[in-house]
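Chain residues, written in single-letter form:
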Amino acid sequence: MAERYAVGVDFGSESGRAVIVRVSDGAVLGEGVTPYAHVVMDRTLPTEEKLGKEWALQHPQDYLDVFQQAVPAALKASGVFPDDVIGIGIDFTACTMMPTTADGTPLCFLPEYARRPHAWVKLWKHHASQPQADRINALAEGRGEFWLPRYGGKQSSEWFFAKALQILEEDPEMYGASERLIEAADWVVWQLTGVETRNACTAGYKAIHQDGHFPDQGYFAELHPDFADVVQTRMKEDLAPLGGKAGELTPRAAGWTGLKPGTAIAVANVDAHVTLPAAGVTEPGRLVAIMGTSTCHVLLGDTLREVPGMCGVVPGGVVPGLYGYEAGQSGVGDIFAWFVKNGVPPEYHEQAKREGINLHALLEREASTQAPGEHGLVALDWINGNRSVLVDANLSGMILGLTLGTRAPDIYRALIEATAYGTRVIVENFEGSGVPVNEIVISGGLKRNRMLMQIYADVTGRPLSVLDVEQGPAVGSAMHAAVAAGEYPDIFAAAKCMGKVRREAFVPDAKNQRTYDRLYGEYVSLHDYFGRGANEVMHRLKAMRRAD
Ligand SMILES: Nc1ncnc2c1ncn2[C@@H]1O[C@H](COP(=O)(O)OP(=O)(O)O)[C@@H](O)[C@H]1O
Ligand SMILES: O=C(CO)[C@H](O)[C@H](O)COP(=O)(O)O
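Residues numbered from 1 in each chain as written. Chains lettered and ligands numbered in written order. Predicted model: local features only at pLDDT ≥ 70, side-chain atom pairs only at ≥ 80, totals over all residues. Heavy atoms only, no water.

The protein has the name Ribulokinase in an unreviewed UniProt entry, where Deinococcus aetherius is given as its organism. As its UniProt record puts it under Pathway (unreviewed entry), the protein is described as follows: "Carbohydrate degradation; L-arabinose degradation via L-ribulose; D-xylulose 5-phosphate from L-arabinose (bacterial route): step 2/3." Per UniProt, the comment on the protein under Sequence similarities (unreviewed entry) is "Belongs to the ribulokinase family." (UniProt positions renumbered as here; feature names shortened; annotations may be inferred.)

Dropping the structure here:
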């Protein structure tokens, strides 16, 4: 019998990646990448309308381009015949949500709405809905909503209802025109199948779906009278289970992708959570850090624990039968990108160009010759706010210890170390709340930075295993496609055959660890001083910035 294959499509923050995976062993035979033409719209719309501070929008056409470019490219590179492809699975950043008409047409595609910011897709990193998130949290606390502790005690401005409420409050006409409010993950599945589904993963982690339901109308009505029926009028209450089949490829979408009509399409997934089976992680105690523009920390547990500052816990949110815990850092790769773009003197750019390497590689090489503590810096990794454990998008970055002798590689290394300290806070927060972390598995684009990986091992004091495939989330989605197509009975069986990880690829250096333990103590002092209310200067500065 001919080998069978599955397609996984991972919609990241800056690009869409497609892989063709052999379902017998998870081997990746072909890859395709489509950088988003509009990337992240954080200053103006395509029609030049200016956006406010902390906005982050995307263009739905960029997602359709992935189906029309990256998927055919991966298929071509693999040499696989469409008839041998049994399923397609997708994962997406979340919460990345959008308003559409009843038939799924994005409001921003309609000429009459194209100039309205609230007609566009709100990317996960859209923080302008922080005021709405603050009210969501205050009301939930006041009403004693059972679900608030399931999200670490705070809903983030990055999640669904803060964004939906911002549309209603800032552009009621756009809210009125939005017949559907939907995660982009479910929207792209809708474009492939012609069927509107809502996946249990984004609903649980990003839209407060707990114990089988969303919050009641009374809660939403207290936020805003016109928000009472947001779920009943614009969402769906029956959720599609992970590993389920959302539908089949329509002839139109078959024309885009080069695959055959009728190919099974799996229910959508979140880009971080879907990575666990790709790493063969389907049991408690193994935290997977999906490191890209941001980092998501996803961990399985066999008991329900309320962990302060986590993003969420959902029974069956990652694999059936276990609790899926999520925490995260809203800025990681983005912080390094910001520094490379804005803080590195021209001579480094020129040297990298002369050597034909990228700036990250040059800075990594220059900074890796240092011993821990040699640069005398400690930084806070909050340039894009803090997602866990403080859940506060209004915090900001800081670098302490700068002197006239500080150079670009010093700062680059200090920023990497700061993100490692932030990860250690998250790991220790899980352990302190009764959720064991015995192993850290790294996935995502940042694993290519070996200095970063060694720093993470030294700072956390734990060996790091590595998911070696380039596109971890996409492989995880292909595994869900194989389950949806009936190749495997469940994701556990698929992970056994298709998942792979290189265990203990980086181990802590005892000498470095001792120095980092001291530096971590300095980080925690700054973390608590600026992040837990001792000094509100960061909030005051943000308020001044917003006021201008
Ligand atoms: N060698 C590197 N070291 C550190 N950061 C890197 C390196 N290469 C790329 N990055 C950062 O990784 C991020 C992209 O991560 P990736 O996983 O490829 O995409 P996504 O976050 O969209 O899933 C960017 O923010 C970029 O600045
Ligand atoms: O919060 C999320 C998952 O729960 C986002 O999907 C994630 O933060 C996006 O990160 P990246 O751009 O690195 O894929």
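There is more to say, and it comes next.
Colleague: Account for the overall build of the protein, naming residues and giving values.
Modeller: Of regular secondary structure, the protein possesses 19 helices and 20 strands. The C-alpha radius of gyration computed for the protein amounts to 22 Å, which stays within 12% of the reference 24 Å derived for 548 residues, consistent with globular compactness. With respect to the three principal axes, the spread of C-alpha positions in the protein is 60 × 60 × 50 Å. The 548 residues of the protein split such that 61% are buried. In the protein, of all internal contacts separated by at least 6 residues, the share reaching a separation of at least 24 is 73%. Surface summary for the protein: the accessible area is close to 19,600 Å², and the carbon and sulfur share equals 52%. Of the side chains in the protein, 50 bear a positive and 67 a negative charge, and the two mean positions are spaced by 3 Å. (Helix = DSSP H or I, 4+ residues; strand = E, 2+ residues; numbered from the N terminus. Rg over C-alpha atoms; globule rule 2.2 N^0.38 Å. Buried < 20%, exposed > 50% of the residue type's maximum accessible area, 1.4 Å probe, protein only. Contact = heavy atoms within 4.5 Å. Areas by Shrake-Rupley, 256 points an atom, 1.4 Å probe, with all protein chains shown as cover. Lys, Arg positive; Asp, Glu negative; His and termini not counted. Charge placed at Lys NZ, Arg CZ, Asp CG, Glu CD.)

Colleague: I'd like a description of the site of ligand 1, backed by residues and values.
Modeller: Residues in contact with ligand 1 amount to 17 residues; listed here are only the nearest, Arg 17, Thr 293, Gly 333, Gly 445 and Asn 449. Between ligand 1 and Tyr 412, the relevant distance is 3.4 Å, taken from a nitrogen atom to a side-chain nitrogen or oxygen of the residue. Contact distances for ligand 1 include 3.1 Å between an oxygen atom and a backbone N or O atom of Gly 445. Within the complex, the protein chains bury 86% of what would otherwise be the 580 Å² of accessible surface of ligand 1. With four residues, the top contributor of residues to the shell around ligand 1 is helix H11 (residues 333-342). Here the residues of the shell around ligand 1 sort into five nonpolar, eight polar and four charged. (Near = heavy atom within 4 Å. Polar contact = N/O pair within 3.5 Å; in protein donor to acceptor, adjacent residues only side chain to side chain. Nonpolar A, V, L, I, M, F, W, Y, C, P; charged D, E, K, R; others polar.)

Colleague: Before we move on, could you go through the site of ligand 2 and cite the residues and values that matter?
Modeller: The full set close to ligand 2 counts 15 residues, and Ser 13, Lys 206, Thr 293, Ser 294 and Glu 326 are the nearest of them. Side-chain polar atom of Arg 387 to an oxygen atom of ligand 2: 3.0 Å apart, as the coordinates give it. Here ligand 2, which alone exposes 380 Å², has 94% of that area covered by the protein. Here the residues of the shell around ligand 2 are counted per class, giving five nonpolar, six polar and four charged.

Colleague: Summarise the packing of helix H15 (residues 450-460) against helix H18 (residues 510-531); cite the residues concerned and give the values.
Modeller: Helix-helix packing is described using two parameters, namely the angle between the two axes and the distance between the axes. Two elements in contact, H15 and H18, have axes separated by 7 Å at closest approach and are oriented at 70 degrees. Between H15 and H18, the angle is such that the two are roughly perpendicular. The element H15 and its partner H18 pack so that their crossing is right-handed. For the pair formed by H15 and H18, the contact residues are Ile 455, Asp 458 and Val 459 on the first element and Asn 512, Gln 513 and Tyr 516 on the second. When grouped by side-chain class, the residues that make up the contact of H15 with H18 number three nonpolar, two polar and one charged. (Axes fitted to C-alpha atoms, helices over the stretch in contact; angles between N-to-C directions. Parallel < 35°, antiparallel > 145°, perpendicular 65-115°, else oblique. Left-handed = near helix turned anticlockwise from the far one by under 90°.)

Colleague: Now, about the UniProt feature "domain: Carbohydrate kinase FGGY N-terminal" (unreviewed entry) in the protein: what can you tell me, with residues and values included?
Modeller: Using the residue numbers shown here, the UniProt feature "domain: Carbohydrate kinase FGGY N-terminal" (unreviewed entry) corresponds to residues 5-275. Annotation note: span residues 5-275, helix share 32%, strand share 19%, distance between end C-alpha atoms 18 Å.

Colleague: How would you sum up the side chain of Thr 197? Please name residues and give values.
Modeller: Mapped onto the fold, Thr 197 is located in the loop between helix H5 (184-193) and helix H6 (200-206). Look at Thr 197 and you get buried, because its relative accessible area is 11%. Apart from the residues within four sequence positions on either side, Thr 197 is in contact with Ile 182, Asp 186, Val 189, Ala 240 and Ala 246.

Colleague: Tell me about the packing of aromatic side chains, and please be specific about residues and values.
Modeller: Tallied over the entire structure, the rule returns 23 aromatic pairs. Seen in terms of ring centroids, Tyr 175 and Phe 227 are 6.2 Å apart; in terms of plane orientation they differ by 45 degrees. Their pairing is tilted. With Tyr 175 in helix H4 (residues 172-177) and Phe 227 in the loop between helix H7 (217-223) and helix H8 (230-234), this pair connects stretches of sequence that are 52 residues apart. We classify Tyr 175 as buried; its relative accessible area is 3%. Using a relative accessible area of 0% as the deciding quantity, one classes Phe 227 as buried. (Phe/Tyr/Trp six-rings, centres within 6.5 Å; stacked < 30°, edge-to-face > 60°.)

Colleague: Any details on the packing of helix H13 (residues 359-367) against helix H14 (residues 408-432)? Residues and values, ideally.
Modeller: For the pair H13 and H14, the least separation of the axes is 9 Å and the interaxial angle reads 95 degrees. Relative to H14, the element H13 is oriented roughly perpendicular. The residues of H14 that touch H13, namely those facing His 360, Leu 363, Glu 364, Glu 366 and Ala 367, are Ala 408, Pro 409, Tyr 412 and Arg 413. The residue inventory of the contact of H13 with H14, partitioned by class, reads five nonpolar, one polar and three charged.

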